[in-house]
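Geometric and topological summary
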Amino acid sequence: MPGSLTIARTAADILRISRYARLRIVVKSGVNPADCSSAERCILAYLYDLYTSCSHLKNKFGEIFSEFCSKVKNSIYCNIDPSDSNMLWDPVFMMDTISNPSANNNHSMVGKILNDSPANRYSFVCNVLMEVCVDHGDPERVNDIGILCAELTAYCRSLSAEWLGILKALCCSSNNGNCGFNDLLCNVDVSDLSFHDSLATFVAILIARQCLLLEDLVRCVAIPSLLNAACSEQDSEPGARLTCRILLHLFKTPQRNPVPQDGVKSDKSSVGIRSSCDRHLLAASQNSIVVGAVFAVLKAVFMLGDAELRGSGLSHPAGLDDISDGRNVSIETASLDVYAKYVLKTICQQEWVGERCLKSLSEDSSALQDPVLVNIQAQRLLQLICYPHRQLDSDDGDNPQRQRIKRILQNMDQWTMRQSSLELQLMIKQSTNNELYSLLENIAKATIEVFQKSAEMNSSNPSGNGAAVQGGSASNSNNTTSKIKPIL
């Protein structure tokens, strides 16, 4: 196995070098990262990722790319703070271009016009979002508008702060106009669910084409919006629901129509990223996001789903299981806490999310030791990360902690060794010195009970397949073949 891993890593390095050698012609041609096309920005971002992830490239191409690398970092990978503009809005500014986004090819000249005037940038982003949120009937047109805005942002980097600011204004619309862009908020009803998918697709294209960093959107838009709602801030539900929809698009593995209207059958084509290259670029953005931002999203959505949202608006007596099983319950009419649970479960079911989180927790389990989560909440979130396709177990009984430990041990097999270890480690790290003795005693007694039950099963069914502890009971052993294996 070590030899195979070495060969694989060597092959990967060779592939990186060959790609880098072909693509570095872009650097030699003198492309300016702050004034180039969207495609060139994506190539520069790819070169930067290759260069920073391979030490051999740094040694071989350091003289060529080291100085240029800092320019790419400062232009593409710098943190951006959202704008809070409130300027004189021109409702007709560039509407001809926005109405026919695929017709304009002189992006450099238009980018210069936008770069020279903050008022023009303000009117442009307001008009674009009006078009996406109000006249959003054609999915192809939403994609074309997204590509147009990506091209103009490549030539006018100042637009990035405007996009981030206007998204914050929509998702944190309960902030009484403190986020700016009041002209848009006066004309767009955030509680109108019909445009959420269109806006999410538009945002996904901007992130895929390096106009925004995914972690910037999480830090400046998603977390404030979700925490406002989790703290039961008045009128915060529409913005939080929009935020959840955007996160669902951004964290799901990209496909042609990533998030169809749940529970709604329609002949109209669902909104989604149409271009294959944009879907691949979005997947690359997911791969490069810092894992801390992923945990921040999971914790914030978990808190929203776990909160008691009094007066949260729409409500439905059904729970998450009704929605997950495809019963006659629509996400669109579910209460916000149920919707947040659905979003959290769907995000955790994405393979890349599970791989990143489990790898990070195996190296450092402190990510879930957060004061915003009580111990049982952190344990439930870890269980959802480890087993996203299972229903969360209830730990009823006289000793819930021991029942929880028994469940961990009963589910342990060669596929779940890492997950079971992480669950036990989290419980140990959460315990104070006074609680540690009781925890260790429960672990010892639960271990004895599980092995005694396994021995009884073996003696009562010597020819059966109940010898292992994996199923935990004879009834569970019948279901192991249909059980979905957790992410390794």
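Residues numbered from 1 in each chain as written. Predicted model: local features only at pLDDT ≥ 70, side-chain atom pairs only at ≥ 80, totals over all residues. Heavy atoms only, no water.

Under an unreviewed UniProt entry, the chain has the name Mediator of RNA polymerase II transcription subunit 12 and belongs to Ataeniobius toweri.

Moving on to the overall build of the chain. Check the secondary structure of the chain and you find 23 helices and zero strands. Within the chain, the fraction of its 488 residues that count as buried is 51%. By sequence separation, contacts in the chain at least 24 residues apart represent 75% of the contacts at least 6 residues apart. Accessible surface for the chain amounts to roughly 22,800 Å². Of this, 51% is attributable to carbon and sulfur atoms. (Helix = DSSP H or I, 4+ residues; strand = E, 2+ residues; numbered from the N terminus. Buried < 20%, exposed > 50% of the residue type's maximum accessible area, 1.4 Å probe, protein only. Contact = heavy atoms within 4.5 Å. Areas by Shrake-Rupley, 256 points an atom, 1.4 Å probe, with all protein chains shown as cover.)

With 78% of its residues at a pLDDT of 70 or more, the chain has an overall mean of 80. Note on residues 309–319: pLDDT under 50 across the span, and 22 contacts to partners over four residues away in sequence or across chains. Under a pLDDT of 50 for its full length, residues 322–328 has, in the predicted model, nine contacts with residues more than four places off or in other chains. (pLDDT = per-residue confidence, 0-100.)

The next thing to look at is helix 20 (residues 400–410). With eight of 11 residues buried, helix 20 lies mostly within the body of the structure. Listed in full, the buried residues belonging to helix 20 are Arg402, Arg404, Ile405, Lys406, Arg407, Ile408, Leu409 and Gln410. The elements touched by buried residues of helix 20 are helix 19 (375–386), helix 21 (417–430) and helix 22 (433–460).

Next up on the list: the side chain of Asn143. Take Asn143: it is sitting in helix 8 (residues 139–155). When its relative accessible area of 3% is taken as the criterion, Asn143 is described as buried. Sequence-distant contacts of Asn143, that is, excluding residues within four places in its chain, are made with Thr201, Ile205, Gly272, Ile273, Arg274 and Ser275.

Under the definition given, this model contains 15 salt bridges. Salt-bridge contacts for Asp306 lead to Arg380; the nearest nitrogen and oxygen are separated by 3.2 Å. Note that Asp306 is positioned in helix 15 (residues 291–306) and Arg380 in helix 19, a separation of 74 residues in sequence. Taking the relative accessible area as the measure of exposure, Asp306 reaches 27% and is therefore partly exposed. Taken together, the shared-partner salt bridges connect Asp81, Asp216 and Arg219 into one network. (Salt bridge = Lys/Arg side-chain N within 4 Å of Asp/Glu carboxyl O.)

Scanning the model with the defined rule gives six aromatic pairs in all. Relative to Phe202, the ring of Trp163 has its centre 5.5 Å away and its plane inclined at 75°; by these criteria the two rings are edge-to-face. Linking Trp163 in helix 9 (residues 159–171) with Phe202 in helix 11 (residues 196–208), this pair joins segments that are 39 residues apart in sequence. For the pair Trp163 and Phe202, one class covers both residues: buried. Every member of this aromatic cluster is reached through a ring pair, and the members are Phe124, Trp163 and Phe202. (Phe/Tyr/Trp six-rings, centres within 6.5 Å; stacked < 30°, edge-to-face > 60°.)

Here the focus is the packing of helix 19 against helix 21. Viewed as axis vectors pointing N to C, helix 19 and helix 21 meet at an angle of 170°, and their least axial separation amounts to 10 Å. With respect to each other, helix 19 and helix 21 are oriented roughly antiparallel. Residues Asn375, Ala378, Gln379, Leu382, Gln383 and Cys386 of helix 19 form the contact with helix 21, whose own contacting residues are Gln419, Leu422, Glu423, Leu426, Met427 and Gln430. Of the residues contributing to the contact of helix 19 with helix 21, the split by class is six nonpolar, five polar and one charged. (Axes fitted to C-alpha atoms, helices over the stretch in contact; angles between N-to-C directions. Parallel < 35°, antiparallel > 145°, perpendicular 65-115°, else oblique. Nonpolar A, V, L, I, M, F, W, Y, C, P; charged D, E, K, R; others polar.)

With 15 residues, helix 13 (residues 237–251) ought to run about 21 Å at 1.5 Å a step, and its terminal C-alpha atoms sit 21 Å apart, in line with that. With respect to burial, helix 13 is a largely interior element, 14 of its 15 residues being buried. (Expected span 1.5 Å × (residues − 1).)

Counting 103 residues, the largest nonpolar core has Phe124, Trp163, Leu199, Phe202 and Phe251 as the members making the most contacts within it. Filtering out sequence-adjacent residues up to four positions away, Trp163 remains in contact with Phe124, Val125, Val128, Leu129, Cys149, Thr153, Phe202, Leu206 and Leu212. (Core = buried A, V, L, I, M, F, W, Y, C linked by side-chain atoms within 4.5 Å.)

Within the secondary structure, Glu140 sits in helix 8. Put simply, Glu140 and Arg274 are 134 residues apart on the chain and 7.4 Å apart in space, counted from C-alpha to C-alpha.

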